[in-house]
Amino acid sequence: MLTADRVIAAALMVLSAYFMWHATALPIGWNGMTGGPGGGAFPFWLSAIMFVTAGAIIVRSFRIKFDNPDTFFDQETLRAVLVVIGSLVVTITLMPWAGAYIALPLFLLWYLKVFGKHGWTLTLLLTLGTPVFLFFFFEVTLKILLPKGFTEPLFIPLYARFF
Amino acid sequence: MELMAHLADGFATSLTSLNLLIVVIGVTVGLFIGAMPGLGSVNGVAIILPITFIVPPSSAIILLAAIYYGAMYGGAISSILLGIPGASTAVATTFDGRPMAQKGQAGLALIAAACASFVGGTISVVLFTLFAAPLADVALAFGPAEEFALVLLAFTTFVGLGGDDVLKTLMMICLGLALSTVGLDLISGQPRLIFFDQPGFYSGISFLVLAIGVYGIGEILYTIETQKSAPSVTPAKLTFGELWYGVKELNKHWKTMSFGSILGFFVGMLPAAGATPAALMSYGIAKLMSKTPERFGKGTIEGVIAPETSNNAASTGSLLPMLTLGIPGSPTTALLLGGMVMWGLVPGPMLFIEQPDFVWGLISSLYTANVAAVLVNLALIPLFVWALRMPFTVLCSLVFILCIVGGFAPSQKMHDVWLILGFGVGGYLLRKADYPMAPLVLALVLGPLMEKSFRQTLISEQGNVLAFIERPLSGTFIAISVIFFLLPMLKHVNRWLGRKPSPAE
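Conventions we followed
- Residues numbered from 1 in each chain as written.
- Chains lettered and ligands numbered in written order.
- Predicted model: local features only at pLDDT ≥ 70, side-chain atom pairs only at ≥ 80, totals over all residues.
- Heavy atoms only, no water.
- Helix = DSSP H or I, 4+ residues; strand = E, 2+ residues; numbered from the N terminus.
- Buried < 20%, exposed > 50% of the residue type's maximum accessible area, 1.4 Å probe, protein only.
- Contact = heavy atoms within 4.5 Å.
- Areas by Shrake-Rupley, 256 points an atom, 1.4 Å probe, with all protein chains shown as cover.
- Lys, Arg positive; Asp, Glu negative; His and termini not counted.
- Charge placed at Lys NZ, Arg CZ, Asp CG, Glu CD.
- Rg over C-alpha atoms; globule rule 2.2 N^0.38 Å.
- Buried area = accessible area lost by both parts, 1.4 Å probe.
- Salt bridge = Lys/Arg side-chain N within 4 Å of Asp/Glu carboxyl O.
- Nonpolar A, V, L, I, M, F, W, Y, C, P; charged D, E, K, R; others polar.
- Polar contact = N/O pair within 3.5 Å; in protein donor to acceptor, adjacent residues only side chain to side chain.

Participant: Is there a simple way to explain the overall build of chain B in this structure?
Facilitator: Looking only at helices and strands, chain B features 23 helices and 2 strands. Each principal axis of the C-alpha atoms in chain B carries an extent, and together these give about 70 × 55 × 55 Å. For chain B, buried positions account for 61% of its 505 residues. Expressed as a percentage of contacts within chain B between residues at least 6 apart in sequence, the contacts between residues at least 24 apart total 79%. Surface exposure of chain B reaches about 18900 Å², of which carbon and sulfur atoms provide 68%. Both charge centroids of chain B, one from 24 positive and one from 25 negative side chains, sit 14 Å from each other.

Next comes the structure, spelled out in structure tokens:
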């Protein structure tokens, strides 16, 4: 637990340093002309507080005597979480290229059948039902077009029918 | 009787068939979301917000308020039937709700929870109606300096009263504020913090993206590990005899209920407190005041009534500062505030003057939402028992789909979907390491207001920093903020001086 605490605090330190570096693009000091701080001051000094706070969390972690015996991740959880995150990355990568109507059902199929070990009836019901619902809710009702990628031509007859 | 006239006008809005339908749909959706273990009002509002574009803005906020309300009622359902709190706000309900269900009184416990929620909700909505207009009047005198001081006060309550690790709370506040500065500088209009030169960052980071990431994706990732095995659902049967008995039983506990409601309302107003601590406090006090404290924890009806009145009252209480001052009292109301800004309604005192129809329509719809919630809740109990048997993976997969599509819909940019995934994973890791999420979301929503009011004050006062303490109201707010901020440090000093062995933390 303590190791994880330190790693996360260190990562936040790096993040805040990165923010600070970005913020220096605009003046970070007091602007004498208009009165008040420059455009970069708010992000810069807030990130500076983050940097110091993260440092304090690390220092504190060395002064605690007893480590919480719980581990941050057990093997099983870590695997499940990584697999789910991976599948989301694949789905989102596929979306602009193959379209939402291929990427999302593929995700459902994988998640329900392989990850969730459900039967075919439930899996197919949701895998086929969800895109139909999404199409009618977002595209037909709200007029928000979801990405289609190379499947775009297949939707032209549907557009003609519903718009 | 200006108040009654306003309220009557409000009812003219909220009793239109569209708004009534919206309230019923909202509380039903909210009840289901609240009943699902792990998902509470904040998750429901975050996931549903992007698809509220389907109705006009004033109805959209009513829909969200109804979901909020429904989720508050729904939290009790899984607390009682599964023994797992449906939302953190319903933790205290498990203490006696679960033992009651195990004794075969699940139906009675559900009735008590629903009716107590109704009483808590109604008392607090009356309080809300009484306090809203006067508070908005006071707030009319606020300038940028007072606004800044008030935002500062909201954040310091997290440090002083939040109960989480002080350093980690401070970290999350600053991270949220820093993220809120991404995009164009408010005063000069120059771009700043454009990470990796991605054009998507020019429009800033929407609160919606952070909320869907943290409360949608992050929450589900978090529940994957806590819910490995399918929970066992206690069957509940409901008869009219039981309903009658429940209402009679409830009638004996007016003291607990009114106390819980008033306590909940005021605790709910504080940004750092909210419904969870309110419910726990109310439970504790009910036990102290009870003639039979030994029955608490073993399945007494009072132990269900006390937290349920209080958490519903707190959810109404947290709407008060959001609507009148523009400072949300909880993460859920922070999302409502963000939603209102998105629809072009600026919460705060001016709203009462410029959009009285909307304000009073919303307030009166809280009354209708309460009535709808208690009726839908009681009518659909068999359905909830069935829905709670739904395998967790089905719920997860649907929430993921809603997060991806819901995150894409408002801006129609894949950039936001990637950000949602990033915030989801980041939020999950931070939460696992005990970083509180509420201050992060609140900071992102309030960040622009805080920076704008700070810099406006300084520009109008020619850079005089003392302007914040010279004005009486803002000076008072700042002074209270300083006290809250120093509170945890005083505790340390006290312990150090006392040299007492510190209790295990």
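Participant: It is not clear to me how the overall build of chain A should be interpreted in this structure. Could you clarify?
Facilitator: Secondary structure assignment for chain A yields 6 helices and 0 strands. Starting at the N terminus and walking to the C terminus, you meet the elements of chain A as α-α-α-α-α-α. Rg of the C-alpha trace for chain A: 25 Å, well past the compact-globule value of 15 Å for 163 residues, more than 25% over. Its C-alpha atoms give chain A principal-axis dimensions of roughly 60 × 55 × 25 Å. Within chain A, the fraction of its 163 residues that count as buried is 46%. Of the contacts made within chain A by residues no fewer than 6 positions apart, 53% connect residues no fewer than 24 positions apart.

Participant: Honestly, the interface of chain B and chain A in this entry has me stumped. Any pointers?
Facilitator: In this complex, chain B contributes 61 residues to the contact, which on the side of chain A involves 65 residues. Together, the buried faces of chain B and chain A total about 5500 Å²; carbon and sulfur atoms form 83% of this surface. Considering only the side of chain B, the residues that lose the most area to chain A are B:Leu167, B:Met171 and B:Ile401, jointly responsible for 11% of the buried surface there. Where chain B meets chain A, there are 2 salt bridges. The residue A:Arg60 makes a salt bridge to B:Asp165 at a minimum N-O spacing of 2.7 Å. When residues of the side of chain B that touches chain A are traced back to their parent elements, those giving at least two are helix H8 (166-180), strand E2 (191-192), helix H9 (207-226), helix H19 (392-411), helix H20 (414-432) and helix H21 (438-460) of chain B. The leading source of residues in the side of chain B that touches chain A is H19(B), at 11 residues. Tallied by class, residues from the side of chain B that touches chain A come to 44 nonpolar, 7 polar and 10 charged.

Participant: Please explain the pattern of salt bridges as it appears in this structure.
Facilitator: Between side chains of opposite charge, a pair can form when the charged atoms approach closely. By the definition in use, this model includes 10 salt bridges over all chains. For A:Asp5, the salt bridge identified is with B:Lys168, shortest N-O distance 2.9 Å. Pair noted here: A:Asp5 is in helix H1 (residues 2-23) and B:Lys168 is in helix H8, and the two residues belong to different chains. Judged by its relative accessible area of 5%, B:Lys168 falls in the buried class. One salt bridge connects B:Arg192 with B:Asp185, and the closest N-O pair in it is separated by 3.7 Å. A single burial state applies to B:Arg192 and to B:Asp185, both of which are buried.

Participant: Help me understand the side chain of A:Thr127 in this model?
Facilitator: Residue and element names in this part refer to chain A. Here threonine 127 shows up in helix H5 (residues 120-141). With a relative accessible area of 6%, threonine 127 lands in the buried category. Reaching out from threonine 127, the side chain makes a polar contact with the backbone oxygen of threonine 123 at a distance of 2.4 Å. For threonine 127, the residues in contact, after removing those within four places along its chain, are Pro105, Leu108 and Leu109.

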